[in-house]
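Below are the chains, spelled out letter by letter.
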Amino acid sequence: MFEVISESFKSAVNKLRFVDDEKALKNALETLKKALLKADVYHKVVKELLVLIEEEVRKNGIGQKHFLNSIKSNLENVLRIKGSNQGFVFAQKPPTVVLMTGLQGGGKTTSTVKLANYLKLRGKRVLIAACDLQRLAAVEQLKQLCELNELELFWLESEKKPLKVAQAALQKAKSSLFDVLLVDTAGRLAIDAMLMDELKDLKDSLQPDEIFYIADAMSGQDGVKTAGSFNEALGISGVILSKFDADTKGGIALSIARQLGIPLRFIGVGEKIADLEAFLPERIVSRIMGEGDLATLAEKTATIIDEKEAKKLSQKIKKGEFNFNDFLVQMESVKKLGSMKSLLTMIPGLSNVASQVKDLDLDNSKEIVRIKAMISSMTPKEREMPSLLNNARKRRIAQGAGLSQVEVNRFLKQFGSAAKLARKFSGQKGMESLMQMMNQARKQF
């Protein structure tokens, strides 16, 4: 995501090498203009942004630093809607009712499940109402996703009217003391009167606290126009950008914010259930500029890793007692954090690596499958004490995993090197800083 804009920003900044170089400034602005238009940013938004950047740079002095700072501050201003909410805001009296709207195929149902999981990880009780009764198997899809991720779903068997399902779900949410009710509504391939009438009826009856529109990040200016139509009819309080990981341009984010004045609340950054993040302008811009986003990484980590367990693991690493059981547990935890590509963009200096990683699957990659096979071929004692693995044991493990002893030796060497590196890192201030950030993040939930 944002690869086109990010790379083009670097190219534009590099054109400014000297102070007070008017020609270089013009070249930099022209490069920036082409980059933004290529990234599907609306031409009026581009023009406005360039004027603001040029004025600010001339005021502070032409040069790379001022140019870079101006891009960053003005991007944040474009993405931040004054007086609007960010992330998820709870109603004073639960349940917080959210109407999830959007076109068919835009990722509405998947985004609903991701949002429910996002809130569940933060200690909230969430009920999803299955009110998409138009699309075949929509309710069944929700049932499977909710069962797989241990989320609570409400539906009425054989009911054809979404309004009745929604009203019953609201009563259930109130009586069972749920914190949040997410209403998954029907979508269409295009906007039509029947769809809007159905949504208006749901809005009038439920009086939702939020109306989220799910926009496909790949839809470009068409997505902006559709979001505008939904906003005129319903009054959207926020946008969730789905499939944002597949969009290397990222222009739709700038266009929705500036053209429509609707705040971006969340972005889908991958296919996994954990791949949903709150859209906070300063953090997103930091990632665009290649500066990472350690705050979001700490928040995601805090929802998955228990503080006591983290301290135990840290002590084991320091003592050199990290074993294969610990390795498997940590691998499962990392999977819950979301896609590897998204995680790497949060680490300063690794945005370029993230674009190369693409969709590393920690469940099905060949290397991970082999590692799991090796560990599964070990005895419980061998998993606890890697030092026991002599040549005879390695041959047995290799045979049990269907691999060569050379492959087993290579993995054991990599494991040993990683454990040593972790031990070295655990004694530095870096680990303490990460733990402090995680603790601060927990206090916000």
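Conventions adopted
Positions within a chain are numbered from 1, following the residues in the order the chain's sequence is written. The predicted origin of the model limits local features to residues at a pLDDT of at least 70 and limits the giving and counting of side-chain atom pairs to 80 or more, whereas totals for whole chains, interfaces and linings rest on all residues. Calculated side-chain values reflect all of the structure's heavy atoms, with hydrogen atoms and water omitted. Two strands qualify as a pair provided DSSP detects at least 2 bridges between them. A helix here means a DSSP run of H or I that spans at least four residues, while a strand means a run of E at least two residues long, and both kinds are numbered starting from the N terminus. Axis lines are fitted through C-alpha atoms, for helices just across the contact stretch, and the angle between N-to-C directions can take any value from 0 to 180 degrees. Any angle that falls under 35 degrees is termed roughly parallel, while one over 145 is termed roughly antiparallel, one within 65 to 115 roughly perpendicular, and all others oblique. Helix crossings fall into two classes, left-handed where the near helix is turned counterclockwise from the far one by less than a right angle and right-handed where it is turned clockwise. Residue contacts are defined here by distance: any two heavy atoms, one from each residue, within 4.5 Å place the two residues in contact. The residue classification treats Ala, Val, Leu, Ile, Met, Phe, Trp, Tyr, Cys and Pro as nonpolar and Asp, Glu, Lys and Arg as charged. All others, Gly included, are polar. Two rings from Phe, Tyr or Trp (for Trp, the six-membered ring) form a pair when their centres are within 6.5 Å of each other. A pair whose planes differ by under 30 degrees is stacked, one over 60 is edge-to-face, and the rest are tilted. In this scheme, the term charge over a ring applies when either NZ of a lysine or CZ of an arginine sits within 6 Å of the ring centre and within 35 degrees of the ring normal.

Okay, the sheet that holds strand 4 (residues 180-185) next. Backbone hydrogen bonds are what pair the strands of a sheet, in a parallel or an antiparallel way. Within the open sheet, the eight strands sit side by side as 3-2-4-1-5-6-7-8. Their pairing is mixed. Of all strands in the sheet, those bounded by a partner on one side alone are strand 3 (152-154) and strand 8 (276-278). Taking each pair of neighbouring strands and ignoring which way they run, the sheet shows an average axis angle of 25 degrees. With three bridges joining them, strand 2 (residues 126-131) and strand 3 adopt parallel strand pairing. Bridging across to strand 3, Leu127 finds its partner in Glu152.

This part is about the packing of helix 8 (residues 193-206) against helix 9 (residues 220-234). Close contact between helix 8 and helix 9 brings their axes to 10 Å; oriented N to C, the two are set at 45 degrees. As judged from the angle between their axes, helix 8 and helix 9 are oblique. Of the two possible hands of crossing, helix 8 and helix 9 adopt the one that is right-handed. Along its contact with helix 8, which presents Leu195, Met196, Leu199, Lys200 and Lys203, the element helix 9 presents Phe230, Ala233 and Leu234. Of the residues in the contact of helix 8 with helix 9, the class split is six nonpolar, no polar and two charged.

Aromatic ring pairs: the centre-centre distance and the angle between the two ring planes describe each pair. Applying the stated criterion to the full structure yields seven aromatic pairs. Chaining the aromatic ring pairs together yields one cluster made of Tyr118, Phe212 and Phe266. Over the face of the ring belonging to Phe90 we find Lys124, whose NZ or CZ atom lies 4.8 Å from the ring centre. Lying over the aromatic face of Phe178, Arg125 brings its terminal NZ or CZ to 4.0 Å of the ring centre.

Looking now at the environment of Leu170. Take Leu170: it is sitting in helix 7 (residues 162-175). Between the C-alpha atom of Leu170 and that of Val183, which follows or precedes it by 13 residues, the distance is 9.3 Å. Once residues within four sequence positions are removed from consideration, Leu170 is found in contact with Pro95, Val97, Leu181 and Leu206.

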